[in-house]
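The residues making up each chain are set out below.
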Amino acid sequence: MQNGKTVVIGVIGADCHAVGNKIIEHALKENGFNVVNIGVLSPQEDFINAAIETNADAILVSSLYGHGEIDCRGFREKCDEAGLKGIILYVGGNLVVGKQDWKEVEKRFLDMGFNRAYPPGTDINISIKDLKKDLGIE
Amino acid sequence: MDAILLIDFGSTYTKLTAIDIENEEILATAKDLTTVNTDIMIGFNKAYEKLIQNIGNKEVNFVKKLACSSAAGGLKMVAIGLVPELTAEAAKRAALGAGARILGVYSYELNKHEIDEIISKKPDIILLAGGTNGGNKDCIIHNAKLIAEHIKDVPIVVAGNKNANDEIEEIFNNAGVFYKITENVMPKLNTINVEPAREVIRSIFMQKIIEAKGMKKAENFINGILMPTPAAVLKAAKVLADGSDKEEGIGELVIIDIGGATTDVHSIAKGDPSKPGVTLRGLQEPYAKRTVEGDLGMRVSAISLFEASGTRRIKKYAPNTPFDVEERCKFLQQNVNIIPQTDEEYEFDEAMGMVATEIAMERHVGTIESVYTPMGIIYSQVGKDLLNVKNIIGTGGVLVHSRNPEKILRAGLFNMETPNYLKPTNPNILVDKKYILSAMGLLSEEYPDMAVRIMKKYIVKA
Ligand code: B12
């Protein structure tokens with residue numbers, strides 16, 4: 001059953017880890033989302049352009065290879081610039097290199113304007129629950 | 001004998017080709033100046049007299065007379081979309097494939113200033129897109145309203161988010177705008193769907209544009225002006241590559257047409273990555289793709305060709321030229337009717353042709369970028385991979401009349417100095433010696449098997 005919400009997903013930057021991205025697409029579809037998957041190796045602009053054309057409600061960014069922080073910098077500002085005011089932004093995967101205190105990492109991403117950030121190994125269904133809550137459909 | 005008459009009302013010349021149906025041969029060709037400003041039939045009749053003379057003392061009965069046209073400025077279009085790289089680009093590609101000259105591409109919500117600009121450009125048709133199906137509809141509706149308010153006399157082709165169509169219909173009906181709604185040029189993100197829009201553009205071209213350009217009179221004598229000339233070339237390219245019901249095609253191909261004002265490139269090829277491990281990104285490419293480079297031409301655009309290339313790039317192909325490259329390009333642009341006489345002049349024109357081919361191909365083909373990882377290199381591709389395309393064909397006056405068309409066409413091939421451009425590596429190099437491609441596009445409308453056979457016969461190794 002479609003829930004009427006559109007989500008753009010993809011793997012940001014020069015990151016080619018493709019497996020998790022497919023799993024996320026599948027899980028979101030199972031939950032009734034219209035999924036627009038821009039795939040791996042995606043620059044910020046591609047997420048934003050896709051969200052504009054498809055009138056998306058949220059963007060889920062994946063970063064697996066450890067450079068998530070650099071790749072995600074300025075994302076929220078670009079969304080604002082492009083007229084996507086207030087669009088829901090999540091990020092997850094293996095956001096940073098090595099063992100770092102998650103609370104600090106999370107804070108850095110929230111400060112960048114992401115609504116939620118997820119630590120490595122997070123089950124995508126947890127994030128789907130959050131998404132439904134944030135979109136007011138559950 | 002029974003024959004078919006194929007006519008190209010070109011911007012400068014009206015060109016006629018007579019085909020002997022039984023022997024599948026070119027009986028004769030002839031041309032004279034196009035006279036669209038006075039009476040299109042004056043130039044046609046002059047060319048026709050020459051044609052009959054060239055046919056000689058044979059009794060010829062033309063059972064079919066078909067035409068294409070790029071007279072009176074060709075089919076001039078404006079394309080409008082939402083995001084520049086997505087629906088605006090898809091709309092542009094649809095219009096180019098319909099044989100249009102693109103006067104401008106607009107994106108996002110238009111403002112009054114842009115509307116005024118569009119009006120001042122005097123397009124024949126406006127293609128209005130924006131949003132995937134189910135996606136954004138605010139933008140296309142905003143733009144439809146502005147058009148309805150300010151532009152009443154230009155036919156509009158609507159090819160955007162289907163969820164906006166009912167509202168757009170109402171807006172245009174209330175304003176009395178002539179419009180046609182067709183399928184979205186980008187129904188899903190990065191998925192392109194240009195054929196329906198192309199067909200609608202062509203039907204409006206036949207229905208309205210021919211008359212608006214004062215060419216209706218020609219239709220008393222001929223069976224119809226079926227399409228813009230570039231659309232006929234693309235059509236010929238497609239049937240030559242794919243073949244017809246009975247006749248096998250020659251496989252994937254690229255056509256290069258260098259002119260005085262522009263350089264056109266057509267490719268008939270899927271363009272999927274030819275090597276494993278390559279990720280394809282961005283907007284899907286049309287199988288039959290046409291690009292037009294308005295800044296690469298031998299005369300009218302000689303200065304912009306110089307600006308796009310620079311002295312060194314032209315000198316790469318003419319190292320010992322006695323000319324100052326910039327001065328010579330300026331001179332050629334001011335004297336557009338110059339035909340080279342000396343060896344040096346020939347060499348210079350050839351070098352310009354090579355640069356035009358090289359740059360036009362760089363802009364047409366896809367590119368590949370490498371991402372380095374400790375596990376080796378991974379690749380991401382944007383656009384069409386044409387490395388394995390089997391044929392490259394030269395057409396148009398510059399290439400057909402060149403002493404050395406093969407040399408010029410080779411400038412469009414894969415080059416180790418710029419290996420990220422996915423240009424053909426080892427294709428057959430062919431020339432449209434008799435200049436028949438647009439005529440064959442017309443012929444293929446009704447006699448596709450014959451068109452393929454004739455092209456295979458007359459388009460030969462350079
Ligand atoms: C397979 C693999 C590769 C393959 C990828 C093949 C491909 N095209 O997919 C290859 C060999 C190419 C590769 C290359 C590299 N890899 Co690698 N790779 C892996 C490996 C072993 C498995 C990844 C995988 O598919 N997992 C299975 C899927 C289902 O899980 P997932 O990708 O994590 O995704 C899930 C979650 O993360 C989460 N999730 C993901 N995104 C999001 C987003 C949101 C919002 C939410 C809520 C959840 C979420 O949900 C997903 C589904 O369950 C991991 C180690 C590991 N076991 O995870 C390393 C790993 C990801 N790679 C790593 C590295 C460093 C690299 C390289 C830089 C160099 C190297 N060491 O090889 C290059 C980078 C290449 C590039 N430019 O991207 C590191 C990353 C370190 C870090 N971030 O701190 C890892 C963790 C290995 C390690 N421990 O060192 N890799």
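Residues numbered from 1 in each chain as written. Chains lettered and ligands numbered in written order. Predicted model: local features only at pLDDT ≥ 70, side-chain atom pairs only at ≥ 80, totals over all residues. Heavy atoms only, no water.

Right, let's talk about the overall build of chain A for a bit. Scanning chain A for helices and strands turns up 6 helices and 5 strands. Overall, chain A shows an N-to-C arrangement of helices and strands of β-α-β-α-β-α-α-β-α-β-α. Here the C-alpha radius of gyration of chain A, 14 Å, is about what a compact globule of 138 residues would show, namely 14 Å. In chain A, buried positions account for 51% of the 138 residues. For chain A, restricting intrachain contacts to residue pairs at least 6 apart in sequence, the fraction spanning at least 24 positions comes to 76%. For chain A, the accessible surface area stands at approximately 6600 Å², while carbon and sulfur atoms represent 53% of it. If the 15 positive side-chain charges of chain A are averaged to one point and the 20 negative ones to another, these points end up 4 Å apart. (Helix = DSSP H or I, 4+ residues; strand = E, 2+ residues; numbered from the N terminus. Rg over C-alpha atoms; globule rule 2.2 N^0.38 Å. Buried < 20%, exposed > 50% of the residue type's maximum accessible area, 1.4 Å probe, protein only. Contact = heavy atoms within 4.5 Å. Areas by Shrake-Rupley, 256 points an atom, 1.4 Å probe, with all protein chains shown as cover. Lys, Arg positive; Asp, Glu negative; His and termini not counted. Charge placed at Lys NZ, Arg CZ, Asp CG, Glu CD.)

This brings us to the domain arrangement of chain B. A common measure of how large an interface is: the accessible area buried when the components associate. Residue and element names in this part refer to chain B. Domain annotation for chain B reports domain 1 (2-72 + 214-222), domain 2 (75-209) and domain 3 (253-461). Using C-alpha coordinates to define each centre, domain 1 is positioned 29 Å away from domain 3. Listed as interface residues are 16 residues of domain 1 and, on the opposing side, 14 residues of domain 3. Buried surface at the junction of domain 1 and domain 3, summed over both partners, amounts to about 1400 Å²; 69% is from carbon and sulfur atoms. On the domain 1 side of the interface with domain 3, the three residues burying the most area are Leu-6, Glu-24 and Ile-26, jointly 40% of the side's total. Our count for the domain 1 to domain 3 interface comes out at 2 salt bridges. (Domains from an automatic or database assignment. Buried area = accessible area lost by both parts, 1.4 Å probe. Salt bridge = Lys/Arg side-chain N within 4 Å of Asp/Glu carboxyl O.)

Residues and elements named next belong to chain B. Here the structure, examined in full by the defined rule, presents 11 aromatic pairs over all chains. Ring geometry for Phe-323 against Phe-348: centres 5.7 Å apart, planes inclined by 75 degrees, an arrangement best described as edge-to-face. Taken as a pair, Phe-323 in the loop between helix H10 (311-317) and helix H11 (325-334) and Phe-348 in helix H12 (residues 343-364) lie far apart in primary sequence, 25 residues in all. On the basis of relative accessible area, Phe-323 is assigned to the partly exposed category, the value being 22%. Grouped by ring-pair contacts, the aromatic residues Phe-9, Phe-44, Tyr-48, Phe-62 and Phe-221 constitute a single cluster. In this structure, Lys-15 is placed above the aromatic ring of Tyr-435, and the distance from its NZ or CZ to the ring centre is 5.7 Å. We note Lys-31 situated over the ring of Tyr-13; from NZ or CZ to the ring centre the distance is 4.1 Å. (Phe/Tyr/Trp six-rings, centres within 6.5 Å; stacked < 30°, edge-to-face > 60°. Lys NZ or Arg CZ within 6 Å of the ring centre and 35° of its normal.)

With that out of the way, let us pick up the environment of B:Leu75. All names here are of chain B. Turning to its location among the elements, Leu-75 is positioned in the loop between strand S4 (61-69) and strand S5 (76-80). For the pair Leu-75 and Ile-192, spaced 117 residues apart in sequence, the C-alpha to C-alpha distance is 22 Å. Residues contacting Leu-75, with those up to four places away along its chain left out, are Ala-98, Gly-99, Ala-100, Arg-101, Asp-124, Ile-125, Ile-201, Phe-205, Ile-209 and Pro-228.

The next thing to look at is the side chain of B:Thr291. Inspection of the secondary structure assignment puts B:Thr291 in strand S14 (residues 288-293). Once you skip the residues sitting within four places of it in the chain, B:Thr291 turns out to touch B:Leu96, B:Thr263, B:Asp264, B:Val265 and B:His364.

All names here are of chain A. Listed as buried for helix H5 (residues 102-111) are Val-105, Glu-106 and Phe-109. The arc enclosing the buried residues of H5, seen along the axis, measures out at 100 degrees, which places them on a common side. In H5, the exposed residues that point more than 90 degrees away from the buried face are Lys-103, Glu-104, Lys-107 and Asp-111. Looking one or two places after H5, you find Gly-113, whose phi comes out positive at around 110 degrees. (Arc of directions from axis to C-beta.)

Our focus in this paragraph is the coordination of the cobalt atom of the ligand. Looking at the protein side alone, the cobalt atom of the ligand has one donor only, A:His17 (NE2), at 2.2 Å. Relative to the assigned elements, A:His17 resides in the loop between strand S1 (6-11) and helix H1 (19-30). (Donors = N, O, S within 2.8 Å, 3.2 Å for Na, K, Ca; no water.)

Now for the sheet that holds strand S17 (residues 391-395) of chain B. Residues and elements named next belong to chain B. Strand order across the open sheet formed by 6 strands is S14-S12-S11-S17-S18-S19, with mixed pairing between neighbours. Edge positions in the sheet fall to S14 and strand S19 (460-461), since each has one partner strand and no second. Bridge count for strand S18 (residues 428-431) against S19 is 2 bridges, and the pairing is antiparallel. Counted as the bridge partner of Val-431 is Val-460 from S19. (Pairing = 2+ DSSP bridges.)

So, on to the sheet that holds S5(B). Adjacent strands of a sheet pair through backbone hydrogen bonds, lying either parallel or antiparallel. Residue and element names in this part refer to chain B. With parallel pairing, 5 strands are arranged side by side in an open sheet as S6-S5-S7-S8-S9. In this open sheet, the two edge strands, each paired with only one partner strand, are strand S6 (101-106) and strand S9 (179-181). For this sheet, the mean inter-axis angle between neighbouring strands, taken without regard to orientation, is 20 degrees. Bridge analysis of S5 against S6 gives 5 bridges, and the strand direction is parallel. By the bridge assignment for S6, Ala-79 is matched with Val-105. Helix H2 (residues 87-97) rests against S5, S6 and strand S7 (125-128) of the sheet, and its axis sits at about 170 degrees to S6. Each of S5, S6 and S7 is contacted by helix H3 (residues 112-121), which is oriented at about 175 degrees to S6, the strand it contacts most. (Axes fitted to C-alpha atoms, helices over the stretch in contact; angles between N-to-C directions.)

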